[in-house]
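Descriptive structure summary
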Amino acid sequence: MTIYTDNAATTKLSDAALNAMLPLLKESYGNPSSLHTVGQQAKEYLEQAREDVAQAIGASAKEIYFTSGGSEADNQSIRTAAYLGAKKGKKHIISSKFEHHAVLHTLKALEQEGYSVTLLDVYENGIVKPEDVANAITDETCLVTIMTANNEIGTIQPISEIGKICQEKKVYFHTDAVQAVGHIPVDVNKMNCDMLSISAHKFHGPKGVGVLYVKKGIPLKNLIEGGAQERGKRAGTENVAGIVGMAAALKEANESLDENMKKISAMRDRLIDGLGKIERSRINGDLSHHLPGTLNMCFEGIEGESLLLLLDAKGICASSGSACTSGSLDPSHVLLSIGVPVEIAHGSLRLSLSEYNTMEEMNYIVDTVPQVVSYLRSISPVWEKITKEEK
Ligand SMILES: *Cc1c(COP(=O)(O)O)cnc(C)c1O
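Residues numbered from 1 in each chain as written. Predicted model: local features only at pLDDT ≥ 70, side-chain atom pairs only at ≥ 80, totals over all residues. Heavy atoms only, no water.

1. Regarding helix 3 (residues 70–87)
What counts, and what does not: Runs of H or I in DSSP of at least four residues are treated as helices and runs of E of at least two as strands, each being numbered from the N terminus. Multiplying one less than the number of residues by 1.5 Å gives the expected span of a helix. Burial classification: accessible surface area is computed with a 1.4 Å probe over protein chains only, and a residue below 20% of its type maximum counts as buried, one above 50% as exposed, and the rest as partly exposed.
With 18 residues, helix 3 ought to run about 26 Å at 1.5 Å a step, and its terminal C-alpha atoms sit 26 Å apart, in line with that. Residues of helix 3 that are buried include every one of G70, E72, A73, D74, Q76, S77, I78, T80, A81, A82, L84 and G85, and no others. G89, located one to two residues past helix 3, shows a positive phi value of around 75°.

2. Considering the nonpolar core
Across soluble globular proteins, nonpolar side chains show a tendency to be buried alongside one another. What counts here: The criterion is simple. A nonpolar core is a set of buried Ala, Val, Leu, Ile, Met, Phe, Trp, Tyr and Cys residues joined through side-chain atoms within 4.5 Å. Residue contacts are defined here by distance: any two heavy atoms, one from each residue, within 4.5 Å place the two residues in contact.
Core analysis: the biggest nonpolar cluster contains 62 residues, and F66, V144 and L196 have the highest contact counts within it. Among the elements that make up this core, the one with the highest residue count is helix 7 (residues 240–255) (eight residues). Beyond its immediate chain neighbours, meaning those up to four positions away, F66 contacts L46, A49, R50, V53, G210, V211, E230, R234, I243 and M246. Counting 26 residues, the second-largest nonpolar core is a separate cluster that includes I264, L275, L308 and V372.

3. A short note on the packing of aromatic side chains
The criterion, for reference: Only Phe, Tyr and Trp rings are paired, with Trp represented by its six-membered ring, and only when their centres lie within 6.5 Å; those with planes under 30 degrees apart are stacked, over 60 edge-to-face, the remainder tilted. A ring is scored as having a charge over it whenever the NZ atom of a lysine or the CZ atom of an arginine sits within 6 Å of its centre and within 35 degrees of its normal.
With the rule as written, the count across this model stands at zero aromatic pairs. Just above the ring of Y123 sits the side chain of K129; from NZ or CZ to the centre is 3.9 Å. Note that K221 overlies the ring of Y83, its terminal NZ or CZ placed 4.6 Å from the centroid.

4. Some words on unusual backbone geometry
Positive phi values are uncommon outside glycine, yet E230 reaches one of about 50°. For E230, the location among the structural elements is in the loop between strand 8 (210–214) and helix 7. Its identity as a non-glycine residue notwithstanding, R231 has a phi of 50°, on the positive side. Relative to the helices and strands, R231 resides in the loop between strand 8 and helix 7. For R231, a relative accessible area of 39% gives the class partly exposed.

5. What about the site of the ligand?
To keep it simple, the criterion reads: In these notes, residues near a molecule or strand are those with any non-hydrogen atom within 4 Å of it. For the purposes of these results, a polar contact is taken to be a pair of N or O atoms within 3.5 Å, where, inside protein, one atom must be able to donate a hydrogen and its partner to accept one; residues adjacent in sequence count only when each atom of the pair is a side-chain atom. The accessible surface values rely on the Shrake-Rupley method and a 1.4 Å probe; as for residues, cover is taken only from the protein chains in view. We call Asp, Glu, Lys and Arg charged. Ala, Val, Leu, Ile, Met, Phe, Trp, Tyr, Cys and Pro are nonpolar, and the rest, Gly among them, are polar.
Not every one of the 13 residues close to the ligand is listed here, only the nearest: S71, D176, Q179, S199 and K202. Contact distances for the ligand include 2.6 Å between an oxygen atom and a side-chain N or O atom of S199. Computed on the free molecule, the ligand has an accessible area of 380 Å², of which 87% lies beneath the protein chains in the complex. Here the element with the most residues in the shell around the ligand is helix 3; it accounts for three residues. Here the shell around the ligand is built from residues that sort into two nonpolar, eight polar and three charged.

6. Observations regarding the sheet that holds strand 7 (residues 195–199)
Keep this limit in mind: Should DSSP find at least two bridges between two strands, the strands are regarded as paired. Orientation is described by axes fitted as lines to C-alpha atoms, over the contacting stretch for helices, and by angles from 0 to 180 degrees between their N-to-C directions.
Spatially, 2-8-7-6-5-3-4 is the arrangement adopted by the seven strands of the open sheet, whose pairing is mixed. At either margin of the open sheet sits one strand with a lone partner, and together these are strand 2 (64–67) and strand 4 (116–120). In this sheet, neighbouring strand axes are inclined to one another by 20° on average, regardless of whether the strands run parallel or antiparallel. Two strands pair when backbone bridges link them, and strand 7 and strand 8 are joined in this way by five bridges, in the antiparallel orientation. In the sheet register, S199 faces strand 8, and the bridge partner there is G210.

Right, here's the structure in full:
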């Protein structure tokens, strides 16, 4: 038995995505830049996928650039705004403390290149305040980049308000919407954003493919030079099968969005009901502005890593936070950013659900996690100390 609850790290490929990809791998395997029939067939699939993705987020096809994933889209959008800003002598960028590393590390690199970066507080509830964005913008600011939904704690940010502020102040606004697209409604017009990042493998599409939405009129800067693919802005033969699979996955996700949100949040509520009862536990992030399927909790007195291993042995695949920081012993920068004390942040558990999960699986998790937490506490010197201090 395997219960997969690590959908914020990656998701299973859907049958719809797989079936859409097969013809591109088998028959229509041509290079979309080739003039012959096989190439032009691939080109047709590619442009249909562009139309479909555009429609799914309220954009037009010309605003869609295919990338190798969310990380590339984040890098390219941020570097584009930084480059355009520098041309006008504007080298200040605003972001938040709990962005994905694809954003934070790009900003780190830009700091080395002479940019200044302001990382806004996300407070205890894990939500950026629009007024903080307004207050941080100066004449030097070229970009605000704030994620739509956080990948570790699931909190949703006030994106359209932030976008409106940026529009008024004439500052580019990018949002990493990787955790949002396919999970909650996403519309680039309602969000008032100039650029938006998407990754296919977070909504049951294939890995290694994503989208950068760029509003008409913004000249994108290349990260990769070479051929004229993607209107000259992203060289390299297109990952046609991946792109077509992504479009199919997104279509399916959006068609069942309401139904899935209901189903998934009911399962998450079952987890909250069951696991919230564990003593000295806490739920991280404001649940009233939240993705349907992500639940992040901390249990005092235990190590997240030990918890994960024991849960895995019982068939539950979960995470302690970000897949990108696992393997390092540093506590999550996201949990620290919302003020979770270091020693408690070590005992974190992220359960991220999808429509492929079942209520039976949730019941099993609700039975199993408290047993494992109790066992780990029974052998934990830290827990012994905590409970002694209480007496
Ligand atoms: C997964 C993720 C990314 C990276 O996307 P890749 O396609 O894996 O490069 C970026 N941002 C967020 C919020 C993510 O969850």
